[in-house]
Amino acid sequence: HSSVARYFDTMDYGPAPESDTDARQWLARHAEGFGHFIDGRFTDASAGARFDTAEPATGQRLAGIAQGSAQDVDAAVAAARAAQPGWLALGGHGRARHLYALARMVQRHARLLAVVEALDNGKPIRETRDLDVPLVARHFYHHAGWAQLQEREFADQVPLGVVGQIIPWNFPLLMLAWKIAPALALGNTVVLKPAELTPLSALLFAELAAEAGLPPGVLNVVTGDGATGAALVAHEGVDKIAFTGSTDVGRLIREATAGSGKSLTLELGGKSPFIVFDDADIDAAVEGVVDAIWFNQGQVCCAGSRLLLQEGIAADFIERLKRRMQSLRVGSPLDKAIDMGSLIDPTQLERVRTLVATGVREGASCYQSPGALPPGGSFFPPTLLTNVHPASTVATEEIFGPVLVTMTFRTPDEAVALANNTRYGLAASVWSETIGLALGVAPQLQAGVVWVNATNLFDAGVGFGGYRESGYGREGGREGCYEYLKPRAWAERKPRAAAIAANAANAANEASKTQAKPSSVLPPIDRTAKLFVGGKQVRPDGELSHPVFAANGQRVGEVGTGNRKDIRNAVAAARSAAGWSSATPHRRAQALYYLAENLAARADEFAGRIASLTGVGAPAAEAEVDASVSRLFAYGAWADKYEGTVHVPPLRGVALATVEAMGVVGVVCPDEAPLLSFVSLFAPLMAMGNRTVIVPSEKHPLVATDFYQVLETSDLPAGVINLVTGPAAGLVQTLAEHDDVDALWVFGAKALSRNAERLSVGNLKRTLVDHGLATDWHDAASAEGALFLRHATQVKNIWIPYGE
Ligand code: NAI
């Protein structure tokens, strides 16, 4: 009896280990080591270079792994390519059956997968068993549904083809599911490269998938390190790269794929804020912190690693948090009773140690959970740094370990400013019992995911992904599906210039038949058009201008020659027009209709200008003006109709998928159909609340400069649309390199778009380029739908759990 009493006194408890027998037996069956999984079977394990994967918690070797060469990548891509038509031909229902089978397979082997994952990664079995594996199954179920609905819901889209996917070590199996479920569901085939530190669950999954009847070549797994990843990125047979990992490697991949035409999504790092207002449920928030930063040893891209406390509650909060930290247990991953396992490897342990030491050197106070750490392995205790300066290393760098930094704020505005004071923008957590405050702060946070009174919630139906340098693209939900599809119209690429030239020739032909005199209304010669910046016509910084010629070679005027300084001024004007992004959709719709009305009033003038500059006949020029008016109306119509979704994930609550403007967008217009292309590109951006800096057609800039008068009479706030004429190559470079430009659309010459992608790597701008080929900005059928609006926005998911 006394021992029971003592037990209740101390609440000590012994280890409750999960059995690893099945996992060890599986490893024993592969005692000769693992080959790659290509075309439905393992390659020869004894061929080529090899390395070992080890148990982080003990340092002991688990298995021998093949280091993928360029030839291995080649073989895997070839298998994926060969399998893709058949996989697509199965149809949505056929693929749905396969994805459903994968979901069932994950559930059947849940325990084995959970143990292998815990062994190879060092994370607690409690997490792999209760979170990773169930979420993996949920992902395949959800995407089985998208496969089933594909022909109905994505009728205007086609799959990309062969997708290369590169994933990190922190959620090896979950990231596999996030990547392959949507790719396969929508008719692509996959070459997956797992992280070199954690390849086992992917190999086990591939083996089980083949047993479950997944056709050979549909899923290929090539193991290896960064060099293998780089070979996959470089491979010409790959249509898309989807990457999750560090921001540094994300940048390398952006550079390597620039101009290649490969589509790209990047899920990168973060330094996510966890904001607690003084009216929050403090105990719930303390528990939230535990989940935010000590889940998965803090090795979570969206970890709530910056705790921002309202001043009045800070001392009490820290006190309660420290008390809670005393009961956190670090131990063997297979022990069901522990809270935290081992970091991934000694390198990561050393990195975390060094960063904590740096924090202390920079003046922070360090508190750590007491209690002995297990011997061996890469264990590090839950750590709290207080007295942290917002500009210090530990407050700005992603630590990727169980280390929390805290800062305080006074007002909601200060909280937002502090929260957004980072290059990243992956996630944020807001704690307040006042619904108006929490939902008022959420839209102001630069983050792709916001959790209200919660943290680290994930679901297959709710998109996940970052703003800013946390990358681009979304995983999960409908928006995640679009990352594995492309518009049918863009897939059937016809060089647009040729198509337009043919149209123009036809129109001219028609004109010569029906009309005696060509383009009738010629505007007066000899005007020098200025730039349009901050709502005003301004002289270019360099005081230079250059002549513009009509199609017949006649000189018709001069335009300002913009330079870097002009672009910077225009970006500054666009920055300060931030109010446009929060203007109501109704207001934005009104502005677009008004532009349309004012353009229509000058239709003859514009038609004349287009005809004289481009040489098309009057009917074609008039048609272009009409199409432009209609397009402005179309985006006016969309402005208050392209909106978000309410998701109902499997918990009590909702997730609001809201569409937000990206911010300041640079736009470079092509020479074809100079009015229609200009309108088609800026109107969707404007409709969704972006502010733009536009470089109009280099060859026919007068069409855009004539538009100044339309803008001036249309009651548009200053800075929403800015125009800088001049040599596109130089201007696009300044736009691409500018840190205050959030996205860049480049249409026209291939060289321009290649450069735009390469140079935009600095702040990881979202880019939309046409590589000089057809996109469908021209044809109303696709240019007046949701396609450009999707590119003009980013989705923020605001999770709002409710109930007691
Ligand atoms: P990493 O970004 O180097 O590795 C991620 C994946 O990319 C791995 O599969 C790796 O083999 C592959 N890779 C590496 N170099 C490549 C290249 N040049 N081309 C193509 N693929 C390449 O991340 P690592 O080294 O494992 O961790 C370093 C730091 O990155 C961590 O300390 C952490 O701060 C951050 N990280 C962030 C993650 C996130 O989810 N945001 C995940 C993992 C790490």
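Source: prediction; values computed, not measured. (Residues numbered from 1 in each chain as written. Predicted model: local features only at pLDDT ≥ 70, side-chain atom pairs only at ≥ 80, totals over all residues. Heavy atoms only, no water.)

1. So, the overall build of the protein
For clarity, the cut-off: Helix numbering and strand numbering both begin at the N terminus, where a helix is a DSSP run of H or I of at least 4 residues and a strand a DSSP run of E of at least 2. Note on classification: 1.4 Å probe, protein chains only; a residue is buried when its accessible area is under 20% of the maximum for its type, exposed when over 50%, partly exposed between these limits. It only takes one pair of heavy atoms within 4.5 Å for two residues to be counted as in contact. In these tables, accessible area is a Shrake-Rupley quantity obtained with a 1.4 Å probe, and a residue counts as shielded only by the protein chains included in the view. Lys and Arg are tallied as positive, Asp and Glu as negative. Neither His nor the chain termini are counted. We put the charge of a Lys on NZ, of an Arg on CZ, of an Asp on CG and of a Glu on CD.
What the protein contains, in helices and strands, is 30 helices and 32 strands. The dimensions of the protein, computed from C-alpha atoms along their principal axes, are 110 × 60 × 45 Å. For the protein, buried positions account for 59% of its 804 residues. In the protein, of all internal contacts separated by at least 6 residues, the share reaching a separation of at least 24 is 77%. For the protein, the exposed area adds up to about 29800 Å²; of that, 53% sits on carbon and sulfur atoms. Once the 71 positive and 85 negative side-chain charges of the protein are each reduced to a mean point, those two points are 2 Å apart.

2. Quick word on the site of the ligand
Under the convention used in this document: Distances are taken per atom, and a residue is near a molecule or strand as soon as one of its heavy atoms is within 4 Å of it. Here a polar contact means two N or O atoms within 3.5 Å. Within protein one must be a hydrogen donor candidate and the other an acceptor candidate, and residues neighboring in sequence count only if both atoms are side-chain atoms. Amino acids outside the nonpolar list (Ala, Val, Leu, Ile, Met, Phe, Trp, Tyr, Cys, Pro) and the charged list (Asp, Glu, Lys, Arg) are all regarded as polar, and Gly is one of them.
Close to the ligand lie 27 residues, the nearest being Ile167, Trp169, Lys193, Glu196 and Ser246. Within the contact set of the ligand, an oxygen atom lies 3.5 Å away from a backbone nitrogen or oxygen of Gly226. Compared with its free state, where it exposes 810 Å², the ligand has 85% of that area covered by protein. Partitioned by chemical class, the residues of the shell around the ligand number 14 nonpolar, 8 polar and 5 charged.

3. Quick notes on the nonpolar core
We count it as follows: To qualify as a nonpolar core, a set must consist of buried Ala, Val, Leu, Ile, Met, Phe, Trp, Tyr and Cys residues joined through side-chain atoms within 4.5 Å.
Core analysis: the biggest nonpolar cluster contains 111 residues, and Phe140, Phe205, Val276, Trp294, Phe317 and Leu321 have the highest contact counts within it. Ranked by the residues each element gives to this core, the list is headed by helix 7 (residues 172-185), at 11 residues. The contacts of Trp294, once residues within four sequence positions are left out, are Glu127, Val289, Leu321, Met325, Leu328, Asp339, Met340, Pro382, Thr383, Pro402, Val403 and Leu404. Of all hydrophobic cores here, the second largest spans 67 residues; its members include Ala577, Ala621, Met686 and Leu716.

4. A few points about the sheet that holds strand 23 (residues 545-549)
As a reminder of what qualifies: Only strands joined by at least two bridges in the DSSP assignment are considered to pair. Axis definition: a line fitted to C-alpha atoms, limited for helices to the stretch in contact. Angles are taken between N-to-C directions and run from 0 to 180 degrees.
With mixed pairing, 3 strands are arranged side by side in an open sheet as 20-24-23. Because the sheet does not close on itself, it has two edges, and the strands there are strand 20 (528-529) and strand 23. Judged from the 2 bridges that link them, strand 20 and strand 24 (residues 555-560) form a sheet pairing that is parallel. Bridged to Ala529 within strand 24 is Val559. Docked against the sheet, helix 26 (residues 702-712) engages strand 20, strand 23 and strand 24, running at close to 70 degrees with respect to strand 24.

5. Here we look at empty space enclosed by the protein
Applied cut-off: We place a 1 Å grid over just the protein atoms. Points where a 1.4 Å probe fits but has no way out form a cavity, open points with protein on both sides within 12 Å along at least 5 of 7 lines form a pocket, and any residue with an atom within 4 Å of a point lines it. Grid points are joined across faces, edges and corners, and a volume is the space filled by probe spheres set on the points.
In the structure shown here, the tally under the stated rule is 6 cavities of 30 Å³ or more. In this model, the largest cavity occupies a volume close to 120 Å³. Listed by contribution, the elements that provide at least two residues to the lining of the largest cavity are helix 6 (125-153) and helix 7. The class makeup of the residues in the lining of the largest cavity is 12 nonpolar, 1 polar and 2 charged. Of the voids in this model, the second largest cavity is the one considered here, and its volume is about 70 Å³. Along the walls of the second largest cavity sit 13 residues, with Gly298, Ala303, Ser305, Ile399 and Phe400 positioned nearest its centre.

6. Here's the deal with unusual backbone geometry
Phi angles above zero are rare outside glycine, and Asp39 is one such case at about 55 degrees. As for its placement among the helices and strands, Asp39 is situated in the loop between strand 1 (37-38) and strand 2 (41-42). Residue Asp39 is classed as partly exposed on the basis of its relative accessible area of 42%. At Leu764, a residue that is not glycine, the phi angle is positive and equals roughly 50 degrees.

7. As for the pattern of salt bridges
Side chains that differ in sign of charge can pair as their charged atoms come close. Stated precisely, the cut-off is as follows: When a carboxyl oxygen of Asp or Glu lies within 4 Å of a side-chain nitrogen of Lys or Arg, that pair is called a salt bridge.
In the structure shown here, the tally under the stated rule is 29 salt bridges. Notably, a salt bridge pairs Asp52 with Arg61, separated by 3.1 Å at the nearest N-O pair. Salt-bridge contacts for Arg564 lead to Glu737; the nearest nitrogen and oxygen are separated by 3.9 Å. Taken together, the residues Arg564 in helix 20 (residues 564-576) and Glu737 in helix 27 (residues 728-737) connect sequence positions 173 residues apart.

8. Considerations on the sheet that holds strand 16 (residues 427-431)
Taken in spatial order, the 10 strands line up as 13-14-15-12-11-16-17-32-26-25 in an open sheet, and their pairing is mixed. Pairing within the sheet leaves two strands with one partner each, and these edge strands are strand 13 (365-368) and strand 25 (645-647). Across the sheet, the axes of successive neighbouring strands diverge by a mean angle of 20 degrees, strand direction being ignored. Two strands pair when backbone bridges link them, and strand 17 (residues 449-452) and strand 32 (residues 793-801) are joined in this way by 3 bridges, in the parallel orientation. Bridge pairing in strand 32 places Val450 opposite Ile798.

9. Points about the packing of aromatic side chains
Heads up, the condition is: By convention, a stacked pair of Phe, Tyr or Trp rings (six-membered ring in the case of Trp) has centres within 6.5 Å and planes under 30 degrees apart, an edge-to-face pair has planes over 60 apart, and any other such pair is tilted. Only lysine NZ and arginine CZ atoms are considered, and such an atom sits over a ring when it is within 6 Å of the ring centre and within 35 degrees of the ring normal.
Evaluated as defined, the whole model comprises 24 aromatic pairs. On the numbers, 6.1 Å between centres and 85 degrees between planes, the contact of Trp451 with Phe458 is edge-to-face. Both residues of the pair, Trp451 and Phe458, count as buried. For the pair Phe606 and Phe707, a centre-to-centre distance of 6.2 Å together with 70 degrees between the ring planes defines the contact as edge-to-face. Here Phe606 is found in helix 23 (residues 603-614), whereas its partner Phe707 is found in helix 26, with 101 residues between them in sequence. Under the relative-accessibility criterion, Phe606 is labelled buried at 1%. For Phe707, a relative accessible area of 0% puts it in the buried group. One aromatic cluster in this structure is built from Trp26, Phe34, Phe37 and Phe42. Seen from the ring of Tyr424, Arg423 lies directly overhead, with NZ or CZ sitting 4.9 Å from the centre.

10. A short note on the confidence of the model for the protein
As a reminder of what qualifies: Scored from 0 to 100, pLDDT records how confident the predictor is in each individual residue.
Taken over all residues, the pLDDT of the protein has a mean of 94, while the share at 70 or more is 93%. Contacts for the low-pLDDT stretch residues 513-519, under 50 throughout, to residues beyond four places or in other chains number 5 contacts. At the level of chain-chain contacts, confidence expressed as ipTM amounts to 0.96, with global pTM at 0.94.

11. Examining the side chain of Glu475
Mapping Glu475 onto the fold places it in the loop between strand 18 (471-472) and helix 17 (477-482). Among the polar contacts listed, one links the side chain of Glu475 to the side chain of Lys179, at a separation of 2.7 Å. Here Glu475 is in contact with Trp178, Lys179, Thr244, Glu267, Val462, Gly463, Phe464 and Gly480, once residues within four sequence places are set aside.

12. Quick look at helix 25 (residues 674-687)
Here is the rule we go by: Here a helix's expected span is defined as the number of its residues, less one, multiplied by 1.5 Å.
Between its terminal C-alpha atoms helix 25 stretches 20 Å, which fits the 20 Å expected from 14 residues at 1.5 Å a residue. Counted residue by residue, helix 25 has 14 buried out of 14 residues, so it is predominantly covered.

13. Digging into the environment of Met686
Of note, Met686 is situated in helix 25. Sequence spacing of Met686 and Ser581 is 105 residues, and the spatial spacing of their C-alpha atoms is 8.9 Å. With residues near it in sequence (within four places) discarded, Met686 still touches Trp580, Arg588, Ala591, Leu592, Leu595, Leu716, Val720 and Ile721.

14. A look at the side chain of Asn220
Relative to the elements of secondary structure, Asn220 occurs in strand 8 (residues 219-221). Its relative accessible area of 0% is what places Asn220 among the buried residues. Among the polar contacts made by the side chain of Asn220, one reaches the main-chain amide nitrogen of Asp39 at a distance of 2.8 Å. Ignoring any residue separated from it by four or fewer positions in sequence, one finds Asn220 in contact with Phe37, Ile38, Asp39, Ala76, Ala79, Ala80, Val190, Val191 and Leu192.

15. As for the packing of helix 23 against helix 24 (residues 618-639)
Rules: In this scheme, roughly parallel covers angles under 35 degrees and roughly antiparallel covers those over 145, while 65 to 115 is roughly perpendicular and the rest are oblique. When the near helix sits turned anticlockwise from the far one by under a right angle, the crossing is termed left-handed; a clockwise turn instead gives a right-handed crossing.
The geometry of helix 23 relative to helix 24 is characterised by a closest axis approach of 8 Å and an angle of 125 degrees between their N-to-C directions. As judged from the angle between their axes, helix 23 and helix 24 are oblique. Handedness of the crossing formed by helix 23 with helix 24: right-handed. Residues Ala603, Phe606, Ala607, Ile610 and Ala611 of helix 23 touch helix 24, and the partners they reach there are Ala621, Glu622, Glu624 and Val625. The residue makeup of the contact of helix 23 with helix 24, split by class, is 7 nonpolar, no polar and 2 charged.

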